[in-house]
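Structural description and commentary
Residues per chain, in single letters:
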Amino acid sequence: MYVKEVFSIWRLLKGIWPGVLAVTAYAAIVFYLYQYHQWHFLVFPLSIISIVGTALSLLLGFRTNSAYDRWWEARKSWGAIVNDSRTLIRQSLAFIKTEPEEQKEIVQNITHLQIAWCYALCNSLRRDPVLVSANLHLSEQELEFVSRHDNIPNAILFLIQQRVNDAYDKGYLHPLFFQNIDDTLGRLCDAMGQCERIKNTIFPTQYSFFVHFIIFLFTLILPMGLIDSIGRIAIPITFLISFLFFYVEGISYVMQSPFEGNHNDIPMTSLSRTIEINLLQLIEAPLIPDKILPKDGYIM
């Protein structure tokens, strides 16, 4: 995710410049044929172009809003994960009552499982090897258990639930406190399900195709409607208008998939590291990792 407002023009143009340059070259060809070969039949009614442009603006506005809703829902889900992860460990420290050494062991185990869950969820959403970084917080038995599951984050959450259940069965947890921790685990599971729903629900391909088709049609007729009234100025005007439409469409395309590891991705790795630092500090762990710093203006 970008962490600064100013970024290079190259990064702005990187994904759309082939289409923009192709449209500009096409506009130059239309002007050349009209001006020097007298192909006056190329002139297209400007009123129709205005109608198509208005329709395209509405379609792009709807697509951009829908894409941003997906991105913002994903960001809220990870914000909830950060908060509930802290809450889980704070509740474990406050509610589990037993001998200090045994309490410390139980809470440390829950803490490392929660950290592993965050990294595993991040990796699974990006289709990366799921246990990278997560395996550092799991024992051999826990690794063997979760590796047998298709949904590794869900398996880790199950292990956390087991640890809480064991503490309750041994009388270390008051029933009311057990319910509070169980509610926190339920919210973590809900956030995981929301992220998986966003990841696995594809933005309607028919709608995307239709938007691309309208952009293609609009850029095809745009220079034909401008050359008769403004002449060669139609070429830079076509460049600017096509750039705006291509750029807005590119933004919506990227934001509709917030878990793909691109520059506008939800910074799940950074959030997972923040959770790791916060939780290890709560249990006073001797080794605390460093924060993940931005690189080239964005952070993952």
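Residues numbered from 1 in each chain as written. Predicted model: local features only at pLDDT ≥ 70, side-chain atom pairs only at ≥ 80, totals over all residues. Heavy atoms only, no water.

1. So, the packing of aromatic side chains
Within a pair of aromatic rings, the relevant descriptors are the distance that separates the centres and the angle that separates the planes. What counts, and what does not: Each pair of aromatic rings taken from Phe, Tyr and Trp, with Trp reduced to its six-membered ring, is defined by centres within 6.5 Å and is described as stacked if the planes are under 30 degrees apart, edge-to-face if over 60, and tilted in the remaining cases. Under the scheme applied here, a residue whose accessible area is under 20% of the maximum for its type counts as buried, over 50% as exposed, and between as partly exposed, the area being computed with a 1.4 Å probe on protein chains only.
As enumerated under the stated definition, the model contains 14 aromatic pairs in all. Consider the rings of Phe203 and Tyr207, whose centres lie 6.2 Å apart with planes at 65 degrees: the pair is edge-to-face. Look at Tyr207 and you get buried, because its relative accessible area is 18%. Ring pairing ties together the aromatic residues Phe31, Tyr32 and Tyr36, which thus form one cluster.

2. Focus: the packing of helix α8 (residues 205-230) against helix α9 (residues 234-255)
Going by this rule: Each axis is a line fitted through C-alpha atoms, and for a helix only the stretch in contact is used; angles between axes span 0 to 180 degrees, taken between their N-to-C directions. Numbered from the N terminus, helices here are DSSP runs of H or I no shorter than four residues, and strands are runs of E no shorter than two. Orientation is classified from the angle alone, with under 35 degrees giving roughly parallel, over 145 giving roughly antiparallel, 65 to 115 giving roughly perpendicular, and any other angle giving oblique. Should the near helix be turned anticlockwise from the far one by less than a right angle, the crossing is termed left-handed; should it be turned clockwise, right-handed. Here, residues are in contact when the closest pair of their heavy atoms is within 4.5 Å. Each residue is assigned to one of three groups, with Ala, Val, Leu, Ile, Met, Phe, Trp, Tyr, Cys and Pro labelled nonpolar, Asp, Glu, Lys and Arg labelled charged, and all others, Gly among them, labelled polar.
In the contact formed by α8 and α9, the axes pass within 9 Å of each other and the chain directions differ by 160 degrees. Here α9 runs roughly antiparallel to α8, going by the angle between their axes. For the crossing formed where α8 meets α9, the hand is right-handed. Here Val211, His212, Ile215, Phe218, Thr219, Leu222, Pro223, Leu226, Ile227 and Ile230 of α8 lie close against α9, whose contacting residues are Ala234, Ile237, Thr238, Ile241, Ser242, Phe245, Phe246 and Glu249. Split into classes, the residues belonging to the contact of α8 with α9 amount to 13 nonpolar, 4 polar and 1 charged.

3. Focus: helix α7 (residues 175-200)
This is how it is decided: What a helix should span is 1.5 Å times the count of its residues minus one.
With 26 residues, α7 should cover 38 Å at 1.5 Å per step; its first-to-last C-alpha distance of 37 Å lies within 8% of that length. Listed in full, the buried residues belonging to α7 are Phe178, Ile181, Thr184, Leu185, Leu188, Ala191, Met192, Cys195, Ile198 and Lys199.

4. Focus on the environment of Gln206
Residue position: Gln206 is located in helix α8. Of the residues examined, Gln206 reaches a relative accessible area of 60% and is grouped as exposed. A C-alpha to C-alpha distance of 38 Å links Gln206 and Arg273, two positions 67 residues apart in sequence.

5. Some thoughts on helix α10 (residues 268-282)
Between its first and last C-alpha, α10 extends 21 Å over 15 residues, near the 21 Å set by a 1.5 Å rise per residue. For α10, every residue scored as buried is listed here: Met268, Ser270, Leu271, Ser272, Ile275, Glu276, Ile277, Asn278, Leu279 and Leu280.

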